[in-house]
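Read off the chains here:
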Amino acid sequence: MEEKEFDTQDMSLDEETLFIVSQTFKALSDPTRLRILHLLLKGEHSVNEIAEKLSLLQSTVSHQLRLLKNARLVKFRREGTSIYYSHDDKHVIDLLKQTIDHARHT
């Protein structure tokens, strides 16, 4: 399979883009946030479900989800009194899967 070449000619990095990219990587640098995102690849979950499945405190999950939401890596929807979280878009899935593949590459 042929890899696409990264074309730096078409991409200029302005300060805002640099800031957003660095904040995204910063958000992804925490193992707990990575575990949450990995779980959300399989579908949406409430804070309680995430806490239970990952054996985390609800307050920890809420804090980490707030950081992920601010970085536009997760989104939420409200259903009654419950809030359900999911990954924000396909880019998030692709980024996480590619990084996992890279880490497993020998």
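Residues numbered from 1 in each chain as written. Predicted model: local features only at pLDDT ≥ 70, side-chain atom pairs only at ≥ 80, totals over all residues. Heavy atoms only, no water.

Enquirer: Looking at this structure, how should I read the packing of aromatic side chains?
Expert: How two aromatic rings sit relative to each other is given by the distance of their centres and the angle of their planes. Tallied over the entire structure, the rule returns one aromatic pair. Measuring from ring centre to ring centre gives 6.0 Å for Phe76 and Tyr85, while their planes differ by 45 degrees; the resulting arrangement is tilted. (Phe/Tyr/Trp six-rings, centres within 6.5 Å; stacked < 30°, edge-to-face > 60°.)

Enquirer: Would you take a moment to explain the sheet that holds strand β3 (residues 82–87) for this structure?
Expert: Note: strands within a sheet are paired through backbone hydrogen bonds, in either parallel or antiparallel orientation. Here we have three strands laid out as an open sheet, ordered β1-β3-β2, and antiparallel in their pairing. Each end of this open sheet is capped by a strand with a single partner; those strands are β1 (45–46) and β2 (74–79). Sheet topology places β1 next to β3; two bridges connect them, and they run antiparallel. Considered in β3, the bridge of His45 is made with Tyr85. (Pairing = 2+ DSSP bridges. Helix = DSSP H or I, 4+ residues; strand = E, 2+ residues; numbered from the N terminus.)

Enquirer: When you look at the confidence of the model for the protein chain in this model, what are you seeing that I'm missing?
Expert: Where the model shows low pLDDT, its predicted coordinates should not be examined in detail. Predicted confidence across the protein chain gives a mean pLDDT of 90, with 90% of residues reaching 70 or more. Looking at the elements of the protein chain, mean pLDDT is at its lowest for helix α5 (residues 90–104), recorded as 91, and at its highest for β1, recorded as 98. (pLDDT = per-residue confidence, 0-100.)

Enquirer: Help me understand the pairing of β3 in this model?
Expert: Regular strands place side chains that alternate from one sheet face to the opposite one. One ladder, built from six bridges, connects β2 with β3; its direction is antiparallel. Note on β3: the bridge partner recorded for Lys75 is Ser86. Between β2 and β3, which pair antiparallel one after the other, the connecting turn spans two residues, and Gly80 there sits at a positive phi close to 65 degrees.

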